[in-house]
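Listed here are the chains, written in short residue letters.
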Amino acid sequence: MSQLPPPVRTARPAAEQNGNSQQFAFRPASKAGRKARLSIQGMSGSGKTWTGLSIAHGLSEGRRFAVIDTEKGAAGLYSGIGGIQFDSCPMDRYDPRDLIRVLDAAAQAGYPTVFVDSLSHFWKGTDGTLDQVEKASSRYGGNKFAGWKDGTPLQNDMVAAILAYPGHVVCSMRSYTEWVLEGGKPQRVGTRPEQRKGIEYEFDVAVAMDLENTLEVLKSRCPDLHRKVIKRPVGARDIAAPLLAWLNANPEQPTEQ
C-alpha cells in the first residue's frame, strides 16, 4: 500500500493567527490633552483644603472650578481669598456611585477642574465603600470577604470616574494618625491616607502635608516636582504652575538621521 504524502500546511495571515490583533495599534507616545490627577494627604489642620483650593485655582487658570465638599462647607470659608472663585456641591452621604454622578454633573457643566474634599469620606464615611461592604456582607451571612464582591466594583468604578474626568482633578485625603516620640515628647504624625491601600498610585502627583504646613511630594510623574519639600506652599505657584508647564510642553521631535 502506497503511503499518502503529508498534508500541506499553508501559513495564515498574522491577523488570523492572532484573532483580533488588528484592533491593537501603536502610535507615537504623547501627553497631549492629558489632565492633572493630584492627591493631597494629611492630618486635620495640615492645610489640605486651602492648598487644594489654591492648586485647583492655578490649574483652572482663573476660571471657576468645582468643589465636591464633604467637610460641612469648610471650603466655602476660603471663597474669594486670593481671587479664588469656585462653585460648591455639598454632600452628606458618600456612596461611591454618588461621586461618579456628581463628577458627571461637573463634566456636563464644563468645569475645568474638580476638587474632591475629601475622598476619604467615600471610603469610610456614611454609605462609603466600607459601609457598602458591611451591608453586602449581611446578605452573605456576615461574611465580609464575600461582601467585597460588591464593594470592590463600586470602589473601582469610582476611581475610574476620577481618572476619566475630562478636566483636572485634585483630591484631598485624611491621614491615619499615630503617636511617636520625638525628642522625648509625643508627637502626632500622619501615616497612609484614609482610603483603600495604594490609592495614591492612581494619581500623577501625590503630596503629603504636616502640621507645620510643609508639603512633601511623595510621588510625581512631573520631573520638576520630584521629591520637592515646600514650606507653606502657594499651591497655584508652587504646584499647579510647574504641573501645567509639564503637561503643556511639546515633546521633542526625534531628529532624522
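Every value quoted in this text rests on a predicted model; they were computed, and no experiment measured them.

(A) Region of interest: the side chain of Thr214. Among the structural elements, Thr214 can be located in strand β8 (residues 214-220). For Thr214, a relative accessible area of 15% gives the class buried. In this structure, Thr214 is in contact with Ala208, Met209, Val229, Ile230, Lys231 and Arg232, ignoring residues within four places of it in sequence.

(B) Geometry of the nonpolar core. Judged by nonpolar contacts, the single largest core of 27 residues is most densely connected at Leu38, Ile55, Leu59 and Leu243. Elements with a contribution of two residues or more to this core: β1 (37-42), α2 (48-60), β2 (65-69), β7 (205-209), β8 and α7 (235-248). Here this core gets five residues from one element, more than from any other, and that element is α7. If sequence neighbours within four positions are ignored, Leu59 has contacts with Ala36, Thr113, His168, Val170, Ala240, Leu243 and Leu244.

(C) Region of the structure containing the environment of Ala236. Topologically, Ala236 is positioned in helix α7. By relative accessible area, Ala236 is classed as partly exposed at 23%. Between the C-alpha atoms of Ala236 and Ala56, which are 180 residues apart in sequence, the distance is 7.4 Å. Contact partners of Ala236, with chain neighbours within four places excluded, come to Ser54, Ile55, Gly58 and Ala241.

(D) Looking closely at α2. Here α2 is 13 residues long and its end C-alpha atoms lie 18 Å apart, about the 18 Å a rise of 1.5 Å per residue gives. Of all 13 residues in α2, twelve are buried, a share of seventy percent or more.

(E) Representation of the pairing of β8. Counting buried positions along β8 yields five of seven residues, so the element is predominantly enclosed. Examined bridge by bridge, β7 and β8 share five bridges and lie antiparallel to one another. Pairing of Ala208 across the sheet is with Glu216, part of β8. Turn length for the β7-β8 hairpin, with the two strands adjacent in sequence and antiparallel, is four residues, and the turn residue Asn213 shows positive phi of about 60°. Of the strand pairs in this sheet, β8 and strand β9 (residues 229-231) are connected by three bridges, and their pairing is antiparallel. If you follow Glu216 over to β9, its bridge partner there is Val229.

What counts and how
Residues numbered from 1 in each chain as written. Predicted model: local features only at pLDDT ≥ 70, side-chain atom pairs only at ≥ 80, totals over all residues. Heavy atoms only, no water. Helix = DSSP H or I, 4+ residues; strand = E, 2+ residues; numbered from the N terminus. Buried < 20%, exposed > 50% of the residue type's maximum accessible area, 1.4 Å probe, protein only. Contact = heavy atoms within 4.5 Å. Core = buried A, V, L, I, M, F, W, Y, C linked by side-chain atoms within 4.5 Å. Expected span 1.5 Å × (residues − 1). Pairing = 2+ DSSP bridges.

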